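Architecture and fold: a report
Each chain is listed here by its residues.
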Amino acid sequence: MLKTWMAVLLVAAAFGGENPVKVEKIAEPQKALKFEVMVPAKVEEVWRAFTTKEGAQQWLWQDMSVELREGGDWIVNYPGGKTGGGTIVAFEPMRSITMRAMAPEQFPEVRRERTTAVFSFEPVASGTKVTLLQTGWREGKEWDEAYEYLAGGNAQLLNQLLYRFVKGPIDWSKLSKSKL
């Protein structure tokens, strides 16, 4: 887990502590989280970084499973047996990926029931606009806590994607040798 936090600090430092990811908490007509980030790369490059194991390992984490197919895994295997990601429900090449997203282990009901995460990739003059819309939120204390937690956690996810294209791939072996 230490390596994960070093990556978080590395990304935060790269952007001067500011968050280049726009986060919107939506209450009506249905509760949702919406994230947007502008990535200075072509859609094909961002798509590859998101939809291949090798690409995702350059920004998300070193231990990944990516099966770009309906029913395929998009799973991050963090240290200590923790996992993140989800199951791919649908995708449209170079345009979107829809997943049944797992919440972190500290939210067991939300993790079991899952939310829907739709990642959209739109070419723009400056590169690619990546949008994440996360829906399927239910009522209750655990759901509210997971919503708040993922408002920050998914912003960090997209910050790391941006970092990969601004500063280059994250070298996880160097991070593991760093001392904080």
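Residues numbered from 1 in each chain as written. Predicted model: local features only at pLDDT ≥ 70, side-chain atom pairs only at ≥ 80, totals over all residues. Heavy atoms only, no water.

**Focus on helix H5 (residues 141-166)**
Going by this rule: Numbering of helices and strands starts at the N terminus; helices are DSSP runs of H or I of at least 4 residues and strands are runs of E of at least 2. Residue count minus one, scaled by 1.5 Å, sets the expected span of a helix. We define the bend at each residue as the angle formed by axes fitted to the 7 residues ending at it and the 7 residues starting at it.
Compared with an ideal rise of 1.5 Å per residue, which puts 26 residues at 38 Å, H5 spans 38 Å between its outermost C-alpha atoms and is within 8% of the ideal. Within H5, the axis deviates most sharply at Leu150, by approximately 30°. Just beyond H5, the residue with positive phi is Gly168, at close to 110°.

**Examining the packing of aromatic side chains**
Here a ring pair, both rings aromatic, is described through the centre-centre distance and the interplanar angle of the planes. We count it as follows: For Phe, Tyr and Trp, rings pair up if their centres lie within 6.5 Å, where Trp contributes its six-membered ring, and each pair is then called stacked (planes under 30 degrees apart), edge-to-face (over 60) or tilted (otherwise). Remark: exposure states derive from per-residue accessible area (1.4 Å probe, protein chains only) relative to the maximum for the residue type, with buried under 20%, exposed over 50%, and partly exposed in between.
Within the structure shown, the criterion is met by eleven aromatic pairs. Between the aromatic rings of Trp74 and Phe119, the centroid separation amounts to 6.4 Å while the plane-to-plane angle is 40°, which identifies the pairing as tilted. In this pair, Trp74 is assigned in strand E4 (residues 73-77) and Phe119 in strand E7 (residues 115-124), connecting sequence segments 45 residues apart. Since its relative accessible area comes to 3%, Trp74 is described here as buried.

**Digging into unusual backbone geometry**
Here the bond from Glu28 into Pro29 is cis, since omega is 0°, no more than 30 degrees from zero. Along the chain, Pro29 falls in the loop between strand E1 (22-26) and strand E2 (32-39). Its identity is not glycine, yet Met94 carries a phi of approximately 70°, on the positive side. Within the element layout of this structure, Met94 appears in the loop between strand E5 (83-92) and strand E6 (96-102). For Arg114, which is not glycine, the phi dihedral falls at a positive 70°.

**A short note on the pairing of E1**
Definition in use: Paired strands, as defined in this entry, are two strands with at least two bridges between them according to DSSP.
Across five bridges, E1 lies against E2 in antiparallel orientation. The residue bridging Ile26 from the neighbouring strand is Ala32, located in E2. If you look at the hairpin formed by E1 and E2, you'll find five residues sitting between the two strands.

**What to know about the sheet that holds E4**
What counts, and what does not: Each axis is a line fitted through C-alpha atoms, and for a helix only the stretch in contact is used; angles between axes span 0 to 180 degrees, taken between their N-to-C directions. Whether two residues touch is decided by their heavy atoms; if any such pair falls within 4.5 Å, the residues are in contact.
Read from one edge of the open sheet, eight strands run E1-E2-E8-E7-E6-E5-E4-E3, paired in antiparallel fashion. Where the open sheet ends on each side, the last strands, each with one partner, are E1 and strand E3 (64-66). Averaged over all adjacent pairs, the angle separating strand axes in this sheet is 20°, with direction ignored. With five bridges joining them, E4 and E5 adopt antiparallel strand pairing. Bridge pairing links Ile75 to Gly85 in E5. In this fold helix H2 (residues 43-51) packs onto E2, E3, E4, E5, E6, E7 and strand E8 (127-135), with an angle of close to 155° to the strand it touches most, E7.

**Digging into the confidence of the model for the chain**
When pLDDT drops low, the exact placement of atoms in the prediction is not to be read closely. The following threshold applies: Residue-level confidence of the predictor is summarised by pLDDT, bounded by 0 at the bottom and 100 at the top.
Predicted confidence across the chain gives a mean pLDDT of 89, with 86% of residues reaching 70 or more. Note that pLDDT drops below 50 for residues 1-10; the model gives that stretch 22 contacts with residues more than four away or on any other chain.

**Section: the pairing of E5**
Along any regular strand, the residues point their side chains to alternate faces of the sheet. The turn joining E4 and E5, which pair antiparallel and follow one another in sequence, is formed by five residues; a positive phi near 80° is taken by Gly80. The sheet contact formed by E5 and E6 spans seven bridges and is antiparallel. Bridge pairing in E6 places Glu92 opposite Ser96. Here E5 folds back onto E6, and the loop between the two strands holds three residues, one of which, Met94, carries a positive phi near 70°.

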